[in-house]
Amino acid sequence: MWQQLIEILDRLCKVYDDLANLGEKKRDALVVVDMDALSKLLDQEQIITSKIQKLENQRCKILLDIAKDNSAVNSEIKAEDFYKTAPTPYLTKKLMELHIQLTENVERTLKIRENNLILAQTALDAVTFKLNRLGGAFVEPTYGTKGNIVTHQKKFDYNA
């Protein structure tokens, strides 16, 4: 079972690395507003996240199986302490290395995701601004509890 856990953690590291690399490609597509490339990347991202979910389910099952056979394991044990209960020093060392690598890959992926979220929001704000300018919308200078009043000019003849 311990060897299966190592294999799952190794595969998780690789899949998270793939997800981070895909996130970098997604950033490039967001910067140049390449919607076709972005659509393809989102499809690939969905496949990768599905793989991650399957691997996580397998990892949880293996952890539960190991915990059944190990009385030193409880629900509050940290991963590092859990890995120290491995039957050999080699397994402990390998599990610790994979744990560190997986943590780094997940953190890298999350950072790229945050940056892409900012880029996507900024692009959406720019599109909204342009649409409002084309439509002649503007916010009137008002004070009070009713909030801002947005006025739209009729610049297009929709009956044409």
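The following paragraphs examine the structure supplied in this document. A quick note: this is a predicted structure, and the numbers were derived from the prediction, not measured.

Criteria and cut-off values
- All residue numbers refer to positions counted from 1 along the written sequence of the respective chain.
- Predicted model: local features are reported for residues with pLDDT of at least 70 only, side-chain atom pairs are reported and counted for 80 or more only, and whole-chain, interface and lining totals are derived from all residues.
- Only hydrogens and water are set aside when side-chain values are computed; all heavy atoms of the structure are taken into account.
- As defined here, a cavity is a set of points on a 1 Å grid over the protein atoms alone where a 1.4 Å probe fits but cannot get out. A pocket is an open set with protein on both sides within 12 Å along at least five of seven lines, and residues line them when an atom is within 4 Å of a point.
- Grid points are joined across faces, edges and corners, and a volume is the space filled by probe spheres set on the points.
- A run of DSSP states H or I qualifies as a helix once it reaches four residues; a run of E qualifies as a strand once it reaches two. Both are numbered from the N-terminal end.
- Asp, Glu, Lys and Arg are counted as charged, while Ala, Val, Leu, Ile, Met, Phe, Trp, Tyr, Cys and Pro are counted as nonpolar; the rest, among them Gly, fall into the polar class.
- By nonpolar core we mean a set of buried residues, namely Ala, Val, Leu, Ile, Met, Phe, Trp, Tyr and Cys, connected to one another through side-chain atoms within 4.5 Å.
- Per-residue accessibility, obtained with a 1.4 Å probe over protein chains only, is compared with the maximum for each type, and a residue is labelled buried under 20%, exposed over 50%, and partly exposed between these values.
- Contacts: residue pairs with any heavy atoms within 4.5 Å of one another.

**Some points on the layout of surface pockets**
Consideration 1: As a volume, the largest pocket reaches approximately 310 Å³.
Consideration 2: Residue assignment for the lining of the largest pocket shows that the elements contributing at least two residues are helix H1 (2-31), helix H2 (35-69), helix H3 (79-83) and helix H4 (89-135).
Consideration 3: Grouping the amino acids of the lining of the largest pocket by side-chain chemistry returns 12 nonpolar, 4 polar and 3 charged.
Consideration 4: Taken as a whole, the second largest pocket spans an internal volume of roughly 260 Å³.
Consideration 5: Around the second largest pocket sit 16 residues that line it, and Lys-26, Glu-45, Thr-109, Arg-113 and Asn-116 are the ones nearest its centre.
Consideration 6: Taken together, the elements giving at least two residues each to the lining of the second largest pocket come down to H1, H2 and H4.
Consideration 7: Counting residues per element, the lining of the second largest pocket draws most heavily on H4, at 8 residues.

**Considerations on the nonpolar core**
What tends to happen in soluble globular proteins is that the nonpolar side chains get buried as a cluster.
Consideration 1: In terms of nonpolar packing, the biggest core is built from 28 residues, with Trp-2, Leu-5, Leu-9, Leu-12, Ile-52, Phe-82 and Leu-95 touching the most fellow members.
Consideration 2: Contributions of two or more residues to this core are made by H1, H2, H3 and H4.
Consideration 3: Among the elements that line this core, the one with the most residues is H1, at 13 residues.
Consideration 4: Excluding anything up to four places from it in sequence, Leu-5 contacts Arg-59, Ile-62, Leu-63, Ile-66, Phe-82, Tyr-83 and Leu-95.

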